[in-house]
Amino acid sequence: MPVHLRWELYPVAHEKDKPYGGSYLEEVDWWHRPRRINPFGEFQVFLREILLFREYYKSNRGYWYFVYPFHIGLFLLIAWIVLLVVEAVLDLNGLAVHALALNPWLKALYYVTLVTGLAAFVLGLIGTAGLLAKRMLDEDLRVYTDPIDYFNLAWLLLLFLSGLLSYLLEDSSFAARGLVQGLITFKPVETGPLLTTFILLSALFLAYMPFTRMMHYVAKYFTYHKVRWDDEPNTKGGKLEGKVRELLAQPESWSAPHIQQGKSWSEQTAGTVSPDNREAPK
Amino acid sequence: MKKKISIKDIGRREGPLAEITPEDLVPLPYPYDQPGSEPGIKQLTAEQKQKYESNLDGVSAIGLKRPETREEEEKVVSKFLSGLEKLLSKENNWTFLQPLMLSLENCAKCQTCSDACPIYTESGKMEIYRPTYRLEVLRKIIRKYLKKEGKLLSRFTGSDIELNYTTIARLAELAYRCTLCRRCAQTCPIGIDNGLITHEIRKLFSQELGIAPKEIHQLGTVQQLKTGSSTGTTPKALHSFISFIEGEIEERTGKSIKLPVDKEGADILLMHNTGEFISWPENVAAFAIIFEAAGLDWTLSSKMMGYDAVNYGVWYDDVQFSRIAVRHMQAARDLRVKRVLVGECGHAHKAMLVIGDRLFSGDLNIPRESAIPLLEALVCNNKLKLDPSKNSFPITLHDPCNLVRLSGIVEPQRRILRKICPQFREMEPHGVANYCCGGGSGFAIMDNLNFSDWRSVVSGRMKLRQILNAFQDVISPDIHKYVCAPCSNCKGQIRDLFGYYNVREKCGIHYGGLVELIVNAMVDMKEPFIKWEGIQ
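All values derive from a computational prediction rather than experimental measurement.

Student: Where do I start with the overall build of chain B in this structure?
Tutor: Counting secondary structure elements, chain B contains 23 helices and eight strands. Its C-alpha radius of gyration of 24 Å places chain B within 12% of the 24 Å reference for a compact globule of 536 residues. The principal-axis extents of the C-alpha atoms in chain B amount to approximately 75 × 60 × 45 Å. Here chain B holds 536 residues, and 69% of them are scored as buried. When contacts within chain B are restricted to residue pairs at least 6 apart in sequence, long-range pairs at least 24 apart make up 79% of them. When the accessible surface of chain B is split by element, carbon and sulfur atoms take 51% of a total near 17,200 Å². Computing the positive centroid from 71 side-chain charges and the negative centroid from 65, chain B places the two 4 Å apart.

This is how it looks when you write it as structure tokens:
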């Protein structure tokens with residue numbers, strides 16, 4: 001994406017000692033002063049958002065009750081899969097992870113995996129069921145909910161539900177780690193119908209997700225870091241000046257009457273033509 | 001119960017889509033808490049309705065004339081689509097492409113932003129004013145008409161919208177029911193910016209279809225580029241205003257001050273909104289009194305584009321915006337000043353210090369600052385002899401969105417008021433969480449048909465509520481009260497709002513700028529600088 005014009009929104013998280021939302025523009029002669037930046041400011045806000053969903057908590061509590069467990073459920077699901085991979089690798093190296101393992105680390109890992117998986121399923125289920133119900137029952141949300149939104153939520157609900165049921169009915173010790181091991185070693189593994197459903201839904205979801213709005217967890221970095229907090233001033237002779245000069249040299253083709261046809265941005269703006277197609281006053 | 005308006009209703013040919021009734025509006029505090037204490041919005045005549053588009057909400061902001069033939073309607077639709085394609089292209093919209101794409105593609109439709117919007121809440125939550133409404137309309141049009149999703153897929157993704165002339169006419173009006181205050185963006189957990197979406201829709205209409213309110217375009221940017229000022233003030237007329245202000249200073253203060261004009265190589269070029277010279281000359285006078293008392297090396301410009309800091313392009317058109325921004329800097333360069341100082345004009349701050357920042361290069365990249373931190377330094381470092389007891393009346397501060405949320409200039413004006421106004425009180429909420437005056441993004445100067453009623457009744461309603469609440473303990477009209485609004489457009493809106501509700505007579509509330517309060521507190525002023533009778 002090309003450099004864009006500044007469009008920041010205060011508070012900007014990296015401003016130092018201005019918790020009320022101030023900027024370096026509050027300083028006389030800011031042009032000649034070194035910028036005072038809090039290097040951890042952005043990180044703190046992101047961490048608070050990722051771990052607590054603070055903005056939802058503050059501004060939309062009713063939604064937070066479900067969107068928070070839903071996302072925490074997703075994070076834990078990813079963590080659970082990572083743990084399963086770690087366990088499978090350990091097992092292949094002769095370090096079996098199970099409840100009766102003599103090595104306390106392996107035993108602990110077994111229980112951590114168990115709790116992580118269970119928490120992921122339960123929280124994810126609460127979150128998706130709650131969001132689905134809210135979207136169906138709350139008219140303010142229903143008007144803005146399209147079939148695809150219901151479909152995505154229902155998919156995730158089934159994913160979490162099948163995961164939970166497979167644990168409760170088929171796989172109480174999370175033998176899914178055996179499946180991961182099978183994947184690593186290319187050996188077929190037999191699974192029950194619930195676990196199979198869960199695995200299918202998870203794999204297809206991973207493939208489908210990049211094409212959905214659910215990529216907003218990546219977009220959030222850009223909306224904050226690259227737009228809301230992008231207050232980088234254009235210093236004389238700096239890099240930004242050069243980048244913008246290149247963009248200004250591009251032709252543009254807007255066709256309203258006040259815009260000169262066939263001109264570049266810089267000809268339009270700094271040129272000698274005024275919007276009524278006459279020479280600009282000198 | 002009213003039927004909920006859906007997104008696809010925007011293409012419904014019969015109208016209006018929604019109507020503002022007094023019962024829907026959120027009630028105001030005392031003394032406007034009795035039914036019938038509000039004048040209401042004027043209805044358009046049958047002839048006006050026939051001539052101009054008003055079937056969004058019975059209001060016409062841009063005076064869009066109805067096409068006479070089907071062919072004309074189709075031409076508008078086709079132009080709209082070509083404009084939409086350009087809006088999504090790097091060549092034509094590099095200026096805002098990344099923020100636009102991020103906001104278009106990632107909204108989770110949680111509606112967290114809705115309650116942050118004063119227009120939506122104060123209207124009694126009218127669906128068409130919901131911040132996400134415009135975004136959804138635009139998204140659906142893109143999916144269906146640019147990405148060309150098939151019938152089945154478009155139903156699944158919810159892109160079942162009809163793009164006809166009615167949709168476009170309503171969308172054009174809808175782009176002028178948001179003040180671009182960006183309070184919604186501030187509260188969005190993902191960072192979606194519905195204010196930006198409004199800005200981009202306005203651009204599409206202006207840059208491709210040539211549709212924009214005449215007050216902003218023909219009488220605004222076009223006039224400014226032709227004459228030097230959006231008010232039509234020529235360099236010659238400016239000299240008359242300056243002479244008048246010098247006379248006023250002498251009459252009011254006994255001081256003989258010659259305003260420096262076109263002083264080459266000065267440290268500071270002070271740029272005002274020219275509206276100040278015409279409507280609030282006391283603001284220009286107060287700046288001059290302060291700068292002279294502090295012994296600053298400063299000047300005004302009477303050169304083409306050097307004396308009007310406004311840049312209405314910032315609200316609706318990147319090309320017009322860039323033309324004006326660049327010419328402002330050319331005027332500063334020609335005077336060889338060390339820095340440009342922006343007076344009490346909010347959008348000029350945003351245009352010159354923030355959005356325009358990356359447009360300037362080489363000798364046009366001249367230091368630009370807000371006048372407010374300098375004023376703070378003069379007041380708080382005791383460079384001026386001030387007596388706070390001269391400002392012994394209740395004062396509250398209105399935060400212009402362009403100064404606080406959009407430029408981060410929040411505390412300097414407060415430090416001044418805390419130092420020189422013993423009865424200063426904040427309105428709630430304030431600072432970066434402030435509410436717009438209701439005249440933002442050009443509304444303050446837009447008076448087409450019944451639009452000025454709308455901006456008093458709907459978009460200015462929250463500000464009136466905040467002001468009344470800040471002064472409820474001293475609401476009697478016998479007590480003089482002052483709303484400090486350091487922004488010309490905000491002052492214009494507050495003037496109209498107060499006139500519409502008769503606030504001065506009913507509540508004794510006046511408004512004015514920041515520098516007037518500083519001069520009013522100056523020890524060597526024999527008479528009060530603020531004349532309660534003279535200001536509105």
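Student: I tried to follow a nonpolar patch on the surface on my own but got confused; where do I start?
Tutor: All names here are of chain A. A surface patch of nonpolar side chains, about 560 Å² in accessible area, is lined by Phe43, Leu47, Ile50, Leu51, Leu52 and Phe75. Take the nonpolar patch: its biggest share by element is five residues, from helix α1 (residues 41-52). Turning to its location among the elements, Ile50 is positioned in helix α1. Note on Ile50: relative accessible area 44%, which makes it partly exposed.

Student: So what exactly am I meant to see when it comes to the packing of aromatic side chains here?
Tutor: The geometry of an aromatic ring pair is captured by the separation of the ring centres together with the interplanar angle, meaning the angle of the planes. Under the counting rule described, the total for this entry stands at 38 aromatic pairs over all chains. Look at A:Phe53 and A:Tyr56: their rings are 6.2 Å apart centre to centre, the planes differ by 20°, and that puts the pair in the stacked class. A relative accessible area of 5% means that A:Tyr56 is categorised as buried. Relative to B:Trp532, the ring of B:Phe393 has its centre 4.8 Å away and its plane inclined at 85°; by these criteria the two rings are edge-to-face. With a gap of 139 residues between them, B:Phe393 in the loop between α17 (371-380) and β5 (395-397) and B:Trp532 in the segment after α23 (515-520) connect regions that are remote in the sequence. The pair B:Phe393 / B:Trp532 is uniform in exposure class, with both members buried.

Criteria and cut-off values
- Residues numbered from 1 in each chain as written.
- Chains lettered and ligands numbered in written order.
- Predicted model: local features only at pLDDT ≥ 70, side-chain atom pairs only at ≥ 80, totals over all residues.
- Heavy atoms only, no water.
- Helix = DSSP H or I, 4+ residues; strand = E, 2+ residues; numbered from the N terminus.
- Rg over C-alpha atoms; globule rule 2.2 N^0.38 Å.
- Buried < 20%, exposed > 50% of the residue type's maximum accessible area, 1.4 Å probe, protein only.
- Contact = heavy atoms within 4.5 Å.
- Areas by Shrake-Rupley, 256 points an atom, 1.4 Å probe, with all protein chains shown as cover.
- Lys, Arg positive; Asp, Glu negative; His and termini not counted.
- Charge placed at Lys NZ, Arg CZ, Asp CG, Glu CD.
- Patch = residues over 30% accessible without salt bridge, like charges linked within 9 Å, V, L, I, M, F, W, Y side chains within 5 Å.
- Salt bridge = Lys/Arg side-chain N within 4 Å of Asp/Glu carboxyl O.
- Phe/Tyr/Trp six-rings, centres within 6.5 Å; stacked < 30°, edge-to-face > 60°.

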